[in-house]
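As a plain string of letters, each chain reads:
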Amino acid sequence: MSVKITFPDGAQKEFNSGITALEIANQLSNSLAKKVLAVEVNGEVMDATLPIEKDATVKLLTWNDTEGKSTFWHSSAHLMAEAIESLYKGIKFGIGPPIEHGFYYDIDTGDTTLTLSDLEKIEKKMLELANKKNEYKRKPISKEEAISYFKDKGDEYKLELLEGLEDGSITFYTQGEFTDLCRGPHIPHTGHIKAIKLMKLAGAYWRGDEKRKQLTRIYGVTFPNQLELDEYLKMLEEAEKRDHRKLGQQLEIYTFDDEVGPGLPLWLPNGGFLIEKLEELAKKEEEEAGYLRVRTPHIAKEALYIRSGHIPYYKESMFPPMELDNVKYYLKAMNCPHHHKIFAAMPKSYKDLPIRLAEYGMCYRYEDSGSLFGLMRVRSLTINDAHIYCTKEQFASEFRAVNAMYLKYFKIFGIDKFKMRFSKHEPSKLGQKYMNEPELWIETENMVRDVLVSSGIPFDEVADEAAFYGPKIDIQIYSAIGREFTLATNQVDFAQGKRFNLKYANKDNQEEYPIIIHRAPLSTHERFIGFLLEHYAGNFPLWLAPKQIAVLPISDKFIPYSETVVKALKEKGFRVKIDERAEKIGKKIRDAEMMKIPYMTIIGEKEEQNKQISVRKHGKGDIGALTIEDFAVLLQEESVY
RNA sequence: GCCGAUGUAGCUCAGUGGUAGAGCACUUCCUUGGUAAGGAAGAGGUCGCGGGUUCAAUUCCCUUCAUCGGCUCCA
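The notes below deal with the structure included here.

## A closer look at the environment of Asp9
Phase 1: When you line up the elements, Asp9 lands in the loop between β1 (2-6) and β2 (12-16).
Phase 2: Its relative accessible area of 64% is what places Asp9 among the exposed residues.
Phase 3: For the pair formed by Asp9 and Leu181, sequence separation is 172 residues and the distance between their alpha carbons is 36 Å.
Phase 4: There is a polar contact of 3.0 Å between the side chain of Asp9 and the backbone nitrogen of Ala11.

## A short note on the protein's contact with RNA strand B
Phase 1: Close contacts around RNA strand B come from 58 residues, with Gln214, Thr486, Asp556, Lys587 and Arg590 the closest.
Phase 2: Among all atoms of RNA strand B positioned within 4 Å of the protein, those belonging to sugar or phosphate total 49%.
Phase 3: With respect to RNA strand B, the side chain of Gln249 contributes an N or O atom lying 3.0 Å from a sugar or linking oxygen.
Phase 4: Measuring from a sugar or linking oxygen of RNA strand B, one finds a side-chain N or O atom of Arg527 at 3.1 Å.
Phase 5: Where the surface near RNA strand B is concerned, the elements lending two or more residues are β14 (195-205), β15 (214-223), α8 (244-250), β28 (484-493), α18 (585-594), α19 (605-610) and β35 (613-617).
Phase 6: Per-class residue counts for the surface near RNA strand B are 17 nonpolar, 16 polar and 25 charged.

## Describing the sheet that holds strand β33 (residues 576-578)
Phase 1: The 5 strands are arranged β33-β32-β34-β35-β36 in an open sheet whose pairing can be described as mixed. The two strands at the open ends of the sheet, each matched to only one other strand, are β33 and β36 (621-626). Put simply, the sheet's adjacent strands are angled 25 degrees from each other on average, direction ignored.
Phase 2: Pairing of β35 with β36, which is carried by 5 bridges, proceeds in the antiparallel orientation. Paired with Arg616 across the strands is Asp622, a residue of β36.
Phase 3: The strands touched by helix α17 (residues 559-571) are β32 (549-553), β33, β34 (599-603) and β35; relative to β32, the strand with the most contacts, the crossing angle is about 165 degrees.
Phase 4: Relative to the sheet, α18 contacts β32, β34 and β35, its axis offset from that of β32 by approximately 170 degrees.

Here is what the cut-offs are and how they apply
- Once a new chain begins, its residue numbering starts again from 1 and follows that chain's sequence as written.
- The lettering of chains begins at A and the numbering of ligands begins at 1, in the order of writing.
- Local features in a predicted model are, by the rule used here, given only for residues with pLDDT of at least 70; side-chain atom pairs are given and counted only at 80 or more, and totals for whole chains, interfaces and linings are based on all residues.
- Hydrogen atoms and water are omitted, and side-chain values are computed over all heavy atoms in the structure.
- The helix and strand labels rest on DSSP assignments: H or I over at least four residues marks a helix, E over at least two residues marks a strand, and numbering proceeds from the N terminus.
- Only protein chains enter the accessibility calculation, which uses a 1.4 Å probe; a residue is then buried when its area is under 20% of its type maximum, exposed when over 50%, and partly exposed in between.
- Think of a polar contact as two N or O atoms within 3.5 Å of one another; within protein, one of them needs to be a possible hydrogen donor and the other a possible acceptor, and neighboring residues in sequence only count if both atoms come from side chains.
- We call a residue near a given molecule or strand whenever any one of its heavy atoms falls within 4 Å of it.
- Here the nonpolar group is Ala, Val, Leu, Ile, Met, Phe, Trp, Tyr, Cys and Pro; Asp, Glu, Lys and Arg are the charged ones; every other residue, Gly included, is treated as polar.
- Should DSSP find at least two bridges between two strands, the strands are taken to pair.
- Each axis is a line fitted through C-alpha atoms, taken for helices only over the stretch in contact, and angles between the N-to-C directions span 0 to 180 degrees.
- Note on definitions: a residue-residue contact is assigned when non-hydrogen atoms from the two residues lie within 4.5 Å.

The values are spatial; any link to function lies outside them.
This is the structure in structure tokens:
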């Protein structure tokens, strides 16, 4: 009996039935066989050591394939578990999956507490075990046997996992002395794992449920050679330099102060400038798109938030109330209720719609102390907010226009790596997390999907991520250190119109509730500026840079001429800073480079005589001498977004 | 909020059971130097806050606050 194997390049070859992928690789080339980690058979990833008994399309997976890597890391998690089990007594194991970069294993360490020095010990043990080139052996097992194995071992976590598995589909994998409940697949043997780094020790709730026991999670990453590990660690170091918290301090953008409070950023002058610039952009674009600007107070009475639903649905994220004359006042966590009251201030006709109310509104949210993260997650935030009140007929075009505005901004800022996420409700949570309006949910979700599909914007659909009042679109971005954030949102609200009794008279003079769109394409100042810092690595484009040009006199003899240069550049609208310190030019250049000022002009005798300036571009170096006029022309294009 | 780690000068970090140091930044002086760090002197810290142990605590222990790495949650 033979089987016909089709390779990715279309080539076909006959082999004896029952041949394994590893044996196929061996026949093709010895060096290839050494690299094979797993195999994809008819689209399914499996062990390279399993027999192939039917004709199949086969792709050998190596380190260069995503699935090869994740198999490698999954096997590394098992190796780590083996090392831990051999070093410590009474450890119970939760789950140990591969992740984007590496793997983790959640373990219950019982009475022992692991510290960072334990990680080194475990690393060493892992290398020792890897060296043994132990095979990962797969063994199908009955549910009954599996249960008795883990009962004997006393691992209630594995027993709980087994509860969810069907008899007949259960497999064990064993390498060396360690056996784990696992679907697989795994790499052929531990010898492939050559470089190991256990990254961090963390707590993680069993099955992600904060009401259940917190296990110890160990994150690690492994590679088939030391060089790649070194490169990876180097890359992490580089990413750290882009961390907005580091750049924010270095470039004097923002700060925190213990006496002000956690999550309450103070914007330094450079940060204040960025905010002004962003608002300028937003106000211009919103004015052109027919938005009307409003202003609202930072607090409101409890009654407003009972009506809006924030007290029942969102209270734990609000700062506690202050009480005056037996009335509770809350700091606003959102601008919407205030905007709704503006809509309600005067009677409306269908002829007034759509109404688009915009405000850079400052809000306060009591986020968990443990979740605060630089500018990305704060407790005081200023939202690029607006609410659009429209009829059902107007919804599609309004929603489309909002999406177009998003894309326009992304183009301005050169944001091309983002994900659009269409967040829907979860029917089983109606009345708890979500307003109990099943038909309206379906209807609005369909409207949103139609707009997305017809605009050709790629998106993922996710259940159980909606706001309590309606479905939404989130734009996901990644911080320099790989953490995922929602940058901007575009939400539909079918509920608040009714709750706030917002009405308009239609053509037949009947009262109707508007649909409301909540949108914030430029996110909050906090998160957007945090994101921009990392996105540009601190090198803001000229139009946005708080300081655009550093004027650097070579010695104080040239300060008078430098001052005329400063004056001339300022008159042309540039943001200029002069460095009059009695330092050498090399030092002044270094400092300006470190502050990432886009342009420097070096001014000495030559320049004064020729009525010119020597220009140096940040990160590029000397670009020669120019007149101020020519320099201004050169910068013209960069000066606007 | 939970698990773990950390907290010393504006910043980056040493260090010690006998009341503290370096580099950079800052101030002053010297230097007037042509594309990423010139020299010297000086100033600056109740060693996060509070409590305990001790003859003595920045150091050891506890509490608390903040930050960091995760979890949960979220713009």
